Amino acid sequence: MALCRYITSSFGSASTVSGTAGQLVTMLDAVLVNGFGGGTCTLSQASGTATLTLAAHGFVDQQVVEISGATPSDYNGLKRVTYVSSSVVTFTIDSGVASPATGTITCKTASLGWTILYTGTNKRVYQMGTGSLGFVLRVDDTGTPNAYAALVKMAESATDIDTLVDPFPTAAQINNTGAYYYIHKSNGNNSTTRAWWIQGDEKSFTLATISDGTNWMAYYFGEMEKIYSSDAFCCGIAAEYSVAMTTTVNRTFPQYATGNSLTAFTLTANQQVMILARAGNQTTKSPVANAISPCTLQAAQVSGFSTVLKPYGTSYGLAGQSVFQDSGGMRGFMRGVYDPFQVVVNDTSYATTDFGLPAGANLLGKVLTATVNAATGYILLQVGGSLP
């Protein structure tokens, strides 16, 4: 399992995002592929605690940094920060490693480990990283039709910047109907800076933007925590679908099945829609998936399957995971994203003693809001540890 990285626009040297063409792909280049910030540093260790010294490093506690150029090589690679001051960062290392480290040592905020497969002017095709299915994400941040949004699609592969093989969504679902599938960057074609955060690893990531300065909206890209081990296409993309692109933040996260209707596997206008690579039969391409949330008590409607509710926090709230299904049945969960029964406080950490997360993982409360129907949603985001 890969280290979970959580990166925000408040990190030192983080890229800005606004309603300007090209700014989203610039940020994604840094966060998904290249890393950012940091500089040349010194390293030493005592009793299993490594100390990295770099003035004005801009790192924060519990983030993942990438170190290179050090001898011994034990210092190199992805390291989770355990303490920060203005010029010092610490992380855990084997106590037998020689000290101090030598070489030209550099450090930076670690990327998620994706690669850039193809590049164009304000366009990218990103490929998932080591240990993944290797599927691709295309981002069109050219400003057409509006610079406040970027068009997105995933695909099983690509042959150039504009040619996707087995895309999801398909042209028939989106382009041929005159509709759009996109990420909101801002609420206007302007340079007003908007905050963002990303959680993920080499296989998937969740991205959120506060496009209008008030309402957070989240998106999902990549592999899911699959229910069936034989499922080779449990990969999805969740973005906003609209037949008329507007600046309005319509929905907070992927659409849920409503009431007792669990079979409306269609693209619904002005919704966050999850689209999978292929259906559970491993043949049908680009099916729409609905989420069934344990917090709306709909998991009980799924024959033979429900999520396990677990306690979190010092007051022992309960949280589970939304199950995504297509017309052929259950598929999987968004990795490291949980649904709380209770209201959570934005950017507040919650105790996970009995939650069963991997070592070093915590839960961070996130509030997602939308202008339509004054909708508010709450999620618990895994930060730290390794994603399932």
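In this text, all values refer to a predicted model and were calculated from it rather than measured experimentally. Numbering of residues starts from 1 in each chain and follows the order in which that chain's sequence is written. Local features in this predicted model are restricted to residues whose pLDDT is 70 or higher, and side-chain atom pairs enter the listing and the counts only when it is 80 or higher, whereas totals over whole chains, interfaces and linings include all residues. Hydrogen atoms and water are omitted, and side-chain values are computed over all heavy atoms in the structure.

Visitor: It is not clear to me how the packing of aromatic side chains should be interpreted in this structure. Could you clarify?
Guide: Each aromatic ring pair is specified by the distance between its two centres and by the angle formed by the two planes. Classification of ring pairs uses Phe, Tyr and Trp, with its six-membered ring standing for Trp, and accepts pairs whose centres are within 6.5 Å; under 30 degrees between planes counts as stacked, over 60 as edge-to-face, and the remaining range as tilted. Under the criterion given, the structure shown has seven aromatic pairs. Residues Tyr312 and Tyr350 carry aromatic rings whose centres are separated by 5.6 Å and whose planes lie at 80 degrees to one another, so their mutual orientation is edge-to-face. On the criterion of sequence distance, the pair formed by Tyr312 in strand β22 (residues 310-312) and Tyr350 in strand β27 (residues 349-350) is long-range, its members being 38 residues apart. With centroids separated by 5.0 Å and ring planes inclined at 85 degrees, the aromatic side chains of Tyr338 and Phe355 adopt a geometry described as edge-to-face. One end of the pair, Tyr338, is in strand β26 (residues 337-340); the other, Phe355, is in the loop between β27 and β28 (362-369), with 17 residues separating them in the sequence. Geometrically, a lysine NZ or arginine CZ counts as sitting over a ring once it is within 6 Å of the ring centre and also within 35 degrees of the ring normal. Over the aromatic face of Phe355 sits the side chain of Lys310, whose NZ or CZ is 5.6 Å from the ring centroid. What counts as a helix is a DSSP run of H or I of at least four residues, what counts as a strand is a run of E of at least two, and both are numbered from the N terminus.

Visitor: I tried to follow the pairing of strand β21 (residues 288-292) on my own but got confused; where do I start?
Guide: On a regular strand, each side chain points to the face opposite its neighbour's, so the side chains alternate between the two faces of the sheet. The buried label applies to any residue whose accessible area, calculated with a 1.4 Å probe on protein chains only, is under 20% of its type's maximum; exposed applies above 50%, and partly exposed to all values in between. Burial of β21 is extensive: five of the five residues sit out of reach of the surface. On β21, burial covers both faces: Val288, Asn290 and Ile292 on one face and Ala289 and Ala291 on the other are all buried. The rule for pairing is simple: two strands pair if DSSP sees at least two bridges between them. Relative to β21, strand β20 (residues 271-276) runs antiparallel, the two being bridged by two bridges. Residue Met274 lies in a different strand from β21, and its bridge partner there is Ala289. As judged from the three bridges shared by β21 and strand β24 (residues 323-326), these two strands associate in the antiparallel manner. Note that in β24 the partner of Ala291 across the bridge is Phe324.

Visitor: Just to check I follow, could you spell out the side chain of Ser186 for this structure?
Guide: On the secondary structure map, Ser186 appears in the loop between β14 (180-184) and β15 (196-200). Polar side-chain contacts of Ser186 include one of 3.4 Å to the side chain of Arg194. Contacts between residues were defined by any pair of non-hydrogen atoms, one from each residue, lying within 4.5 Å. In this view, Ser186 contacts Ser18, Gly19, Tyr148, Thr192, Arg194 and Ser211; residues no more than four positions away in its chain are not counted. In protein, a polar contact requires one atom able to donate a hydrogen and another able to accept it; more generally it is a pair of N or O atoms within 3.5 Å, and residues adjacent in sequence count only if both atoms are side-chain atoms.

Visitor: Sorry, what's going on with unusual backbone geometry here?
Guide: Peptide bonds are mostly trans, and most non-glycine residues show a negative phi. The step from Thr71 to Pro72 runs through a cis peptide bond, and the omega angle for that step is 0 degrees. Assignment of secondary structure puts Pro72 in the loop between β4 (64-68) and β5 (77-80). Of the consecutive residues Thr144 and Pro145, the connecting peptide bond is found in the cis state with omega at 0 degrees. Looking at the secondary structure, you find Pro145 in the loop between β11 (136-140) and β12 (149-160). In this structure, Ser47 takes a positive phi of about 55 degrees despite not being glycine.

Visitor: What exactly am I supposed to notice about helix α1 (residues 23-34) here?
Guide: Along an α-helix, residues three or four apart share an orientation, since each turn contains 3.6 residues. Along its twelve residues, α1 runs 15 Å from first to last C-alpha, staying within 8% of the 16 Å computed at 1.5 Å per residue. Among the residues making up α1, those that are buried are Leu24, Val25, Met27, Leu28, Asp29, Ala30, Val31 and Leu32. One less than the residue count of a helix, multiplied by 1.5 Å, gives the span that helix is expected to have.

Visitor: It is not clear to me how the pattern of salt bridges should be interpreted in this structure. Could you clarify?
Guide: Where charged atoms of side chains with opposite charge meet at close range, the side chains can pair. In the sections that follow, a salt bridge refers to a side-chain nitrogen of Lys or Arg positioned within 4 Å of a carboxyl oxygen of Asp or Glu. Applying the stated rule across the entire model yields twelve salt bridges. Close ionic contact of Asp326 with Arg331 constitutes a salt bridge, the shortest N to O distance being 2.7 Å. There is no split in this pair, since Asp326 and Arg331 are both buried. By sharing partners, the salt bridges in this structure join Glu156, Asp166, Arg278 and Lys285 into a single network.

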